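Commentary on secondary and tertiary structure
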Amino acid sequence: MSGAASEATGGVSAPPAATGVKRVAIIGNPNTGKTTLFNALTGMSARVGNYPGVTVEKKTGALEPGVELIDLPGTYSLAAHSPDEMVAVNVLHGDQAGEARPHAVVVIVDAGNLQRNLFLLTQVMEVGLPIVVALNMVDAAAKAGVTVDPKALGEALGLPVVPTVASEKKGLDALRAAIRATLKDAPAPKPAWNWPPSLKQEIDALAKGQGIDAFLAGRALIDEGGAAETMLAARRGAAAREALQAARAKVRAAGSPPAKLEIQMRYAWIARAVGPCVSRQPAGPGLTDRLDRVLTHRLVGTLAFVLLMTGVFVTIFIVADPIMGLIDECFGWVGDQITASFAGGAMEGGMLQSLLVDGVVAGVGGVLVFLPQIAFLFLFIALLEDCGYMARAAFLMDRVLRFCGLSGHSFIPLMSSFACAVPGVMATRTIGNPRDRFTTILIAPLMSCSARIPVYAMLSRAFVPADGLHGFLPALVFAGMYFVGIVAAIPVALVLKGTLLKGPTPPFVMELPQYKMPTPRVVWQRVWEASKAFTVRAGTAIFAISIVIWALLYFPHQASIGEDYEARREAVRAAYGDEEKLAEEAKAERQSKLDELDHQEAGAYLRASIMGRMGHWIEPVVRPLGWDWKIGMAAIASFPAREVIVGTLRIIYDLGDEGDDEETAQKQIQDKLQAAEWPDGRKVYNLPVALSIMIFFALCAQCAATLVTIKKEMGSWKWAAFTFVYMTTLAYIGAFATYQIGMMLL
Amino acid sequence: MRLSQCKPGQGGTITQVDGEGAVGQRLMEMGLIEGVSVKVIRVAPLGDPIEVEVQHYNLSLRKSEADRVEVDA
């Protein structure tokens, strides 16, 4: 396969774009500082998008006028098994839909870890594009006693090699110059290694038989079940698969599996040709080794891990919560201003006002309120990832997550979901295996997020005896709600991995990189991109859903209700006479009567709304859960976000959507809930009913933001619908069992 | 001796790797190939996975994966 491009037999790759813009792809192993280098080279011009059809991030930027730099996903090999790796190969080979093939490639390698990094380079050298090698992190390598002679390395590889320290912007000008020179007239590299004849023969025969070039034929033959095989089978049908099987069998018959032959050939060549360019001084245990002795220690390491995660989690709660409260208040204030500006006008209390205040402002607020949590969570994730600790967290937690058929990579996304499933789902991008990633996404919303707390708090304070079990009962109920989600997630994950997302166990072979100081620019960019992606991509859908729910709660808005209450208000006003002449006490009394009428009016509208009627329709469905139509309706109305149920129940019980302060608000709703009765005079609420609602909200998918994010991350509404259906079913069963068993015990 | 049975500090030259399937391929790509020396550095607190040093860098892998690697220790 040496000189792959020249041997191409009717290749399928697209020619470079005819436009004047030159395209340069940058590829490298994870943990080589590739993102830092990309940022340093492109400055503020970087743009982030998605490759169509897959949730792989596409990053491009201008290297200089007329030269575009494309940041390919980090990968250890071109043997593509995941969507990330597939995109990297497809772009290099010119098979990525809508992407013109690059004119040249920058391969970034870690000077301190040259052998393994050069493995990928030798593969890229066979793609048929001119290459510049960025020998990065030469400073850290020197500290560890490793020196690489760039000139000798360049001669051994037959490629331009430029030493760089991307984090300090060193060597960038030389790299730019080398890229410029390469774009001008450099030929494709000529690999100097010889493929084992038994393998080479089969690859060439396959290439000829299938009408593809040697690179693609080689990948299809060697990577069993990989992306190249899938692509070839899709193009050429079952016959291609049979040809592959036959070719593999022939190679095997000659002694070794194809992959082993390829990999041994590369590492052998690297050791022989490149070995002399590297010199190693014996260095004592480095910082990484000393840190890991503590951080992965059986006791101390576990304790440090628990402390760190608790710290992250508590910080998100403590720091993000007030900001979220502030955002809430801001939007509340904007709503009040709008209400005030309508007051007294011809359109007072009209549809436009309600649409603006309860639809638009509340909808935008409902999107933005997620931002603090997303920003803080991604700040921590980016810090942990960039300094190298993330791999240690996966190392420590892998054994635990294997209970659900997952790996250590799923820990951070799942833990994040206890704050909020939206960033949790977004954080699954660090999970390489698509089946593991999808399973993690689908169970993430079962983790009890902070939006459930108001629901738990309202109901447990009203119905769970505060002095039960020596005062521990309320805490126990709270903890139980968190526990329910975790316990439900385990069988769900196992079932998913055994059915819909069935497949071979992916390897958990993971590099433990050297610790380093995080690069502020990289960290900041992660935070910015995550926040932007959520606001722009998920925001519109969440906003639209908020408007729909508003409409269901507003219409038909019968005029007769308004007229009726206006008449009653008028009666109150008439009874008190001129407001100016009243004593303070009477004034307050008058105002509170008017407020009460306002609240009753809001309740009356709500009960008569489409949503109110929907509540009546579904009452037979929710009766077995111990719920009346009001609870059923409040549950539907909380589709945009779980905590909305609190406000909705307040309106139904004529309390207005929020109280003056938290204590009174809780007292008011508590009294109403405790007093609520069925038509036959029985109390609606008791402990089993309250627990049934809490369990329902612990397990249900009443969160538009999460569902929209799932759609974005999994690329299809089908998965969002699946999440909603399975979680609602689970929630219904859980609530049903809780109520029925509770009533039996009572 | 299997790499999975090595204690921290133990290791040797790799004599045989089961390179079948995607897991085998990934192990070899990461540098665990015959003739290369490898050493177990530590074991995770819960007994699995393990951390090894190979090709002058540190790699974590599960015991079930290290089972595929035979060393001459």
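Residues numbered from 1 in each chain as written. Chains lettered and ligands numbered in written order. Predicted model: local features only at pLDDT ≥ 70, side-chain atom pairs only at ≥ 80, totals over all residues. Heavy atoms only, no water.

Overview of the sheet that holds strand 5 (residues 104-110) of chain A
All names here are of chain A.
- Sheet architecture is open: seven strands sit in the order 2-3-4-1-5-6-8, paired in mixed fashion. What marks the edges here is a single partner per strand, and that holds for strand 2 (47-50) and strand 8 (161-163). Across the sheet, the mean angle from the axis of one strand to that of its neighbour is 25°, orientation sign disregarded.
- Summarising the sheet, strand 5 and strand 6 (residues 131-136) pair through six bridges and their orientation is parallel. In the strand pairing of strand 6, Val 109 is matched with Leu 135.
- Packing of helix 5 (residues 150-157) onto the sheet brings it into contact with strand 6 and strand 8, and relative to strand 8 it is tilted by some 155°. (Pairing = 2+ DSSP bridges. Helix = DSSP H or I, 4+ residues; strand = E, 2+ residues; numbered from the N terminus. Axes fitted to C-alpha atoms, helices over the stretch in contact; angles between N-to-C directions. Contact = heavy atoms within 4.5 Å.)

Let's talk about the pairing of strand 4 (residues 67-71) of chain A
Residues and elements named next belong to chain A.
- Burial runs high along strand 4: five of the five residues are buried.
- The alternating pattern of strand 4 places Val 67, Leu 69 and Asp 71 on one face and Glu 68 and Ile 70 on the opposite face, and all of these are buried.
- With five bridges joining them, strand 1 (residues 22-28) and strand 4 adopt parallel strand pairing. The partner of Lys 22 across the bridge, within strand 4, is Val 67.
- As judged from the five bridges shared by strand 3 (residues 57-64) and strand 4, these two strands associate in the antiparallel manner. (Buried < 20%, exposed > 50% of the residue type's maximum accessible area, 1.4 Å probe, protein only.)

Here we look at the sheet that holds strand 3 (residues 50-54) of chain B
- Spatial ordering of the open sheet is given by 10(A)-4(B)-3(B)-2(B)-1(B)-5(B), a layout of six strands whose pairing is antiparallel. Unpaired on one side and paired on the other, strand 10 (510-511) of chain A together with strand 5 (69-71) of chain B mark the two borders of the sheet.
- The pairing of strand 10 of chain A with strand 4 (residues 57-61) of chain B spans two bridges and is classified as antiparallel. Paired with A:Glu511 across the two strands is B:Leu59, which belongs to strand 4 of chain B.

What about the packing of helix 8 (residues 214-222) of chain A against helix 11 (residues 258-274) of chain A?
Residues and elements named next belong to chain A.
- For the pair helix 8 and helix 11, the least separation of the axes is 8 Å and the interaxial angle reads 120°. With respect to each other, helix 8 and helix 11 are oriented oblique. Facing Arg 219, Leu 221 and Ile 222 of helix 8, the residues of helix 11 in contact are Pro 258, Ala 259, Glu 262 and Arg 266.
- Its residues assigned to classes, the contact of helix 8 with helix 11 comprises four nonpolar, no polar and three charged. (Parallel < 35°, antiparallel > 145°, perpendicular 65-115°, else oblique. Nonpolar A, V, L, I, M, F, W, Y, C, P; charged D, E, K, R; others polar.)

Regarding the packing of aromatic side chains
All names here are of chain A.
- A complete count under the given rule lists 17 aromatic pairs over all chains for this structure.
- Taking the centre distance of 5.6 Å and the plane angle of 85° together, the rings of Phe 639 and Phe 724 count as edge-to-face. In this pair, Phe 639 sits in the loop between helix 27 (629-637) and helix 28 (644-652) while Phe 724 sits in helix 32 (residues 717-745), placing the two residues 85 residues apart along the sequence.
- Here Phe 639 falls in the partly exposed class, since its relative accessible area comes to 22%.
- A residue is classified by how much of its surface remains accessible, and Phe 724, at 28% relative accessible area, is partly exposed.
- Three or more aromatic residues joined by ring pairs make a cluster, and in this case those are Phe 418, Tyr 456, Phe 478 and Tyr 482.
- The ring of Tyr 515 is capped by Arg 392, whose NZ or CZ atom sits 4.2 Å from the centre of that ring.
- Positioned above the aromatic ring of Tyr 565, the side-chain terminus of Arg 568 is 4.6 Å from the ring centre. (Phe/Tyr/Trp six-rings, centres within 6.5 Å; stacked < 30°, edge-to-face > 60°. Lys NZ or Arg CZ within 6 Å of the ring centre and 35° of its normal.)

Some thoughts on a nonpolar patch on the surface
Residue and element names in this part refer to chain A.
- Taken together, the side chains of Val 314, Ile 318, Val 319 and Ile 323 define a hydrophobic patch exposed on the protein surface, amounting to about 290 Å² of accessible area.
- By secondary structure assignment, the location of Val 314 is in helix 13 (residues 300-342).
- Assessed through its relative accessible area of 36%, Val 314 is described here as partly exposed. (Patch = residues over 30% accessible without salt bridge, like charges linked within 9 Å, V, L, I, M, F, W, Y side chains within 5 Å. Areas by Shrake-Rupley, 256 points an atom, 1.4 Å probe, with all protein chains shown as cover. Salt bridge = Lys/Arg side-chain N within 4 Å of Asp/Glu carboxyl O.)

Examining the packing of helix 8 of chain A against helix 9 (residues 227-236) of chain A
Residue and element names in this part refer to chain A.
- Their axes nearest at 7 Å, the elements helix 8 and helix 9 cross at an angle of 110°. Relative to helix 9, the element helix 8 is oriented roughly perpendicular. Residues Leu 216, Arg 219 and Ala 220 of helix 8 touch helix 9, and the partners they reach there are Ala 228, Glu 229, Met 231, Leu 232 and Arg 235.
- Taken together, the residues that form the contact of helix 8 with helix 9 break down as five nonpolar, no polar and three charged.

That's the geometry; what it means functionally is another story.
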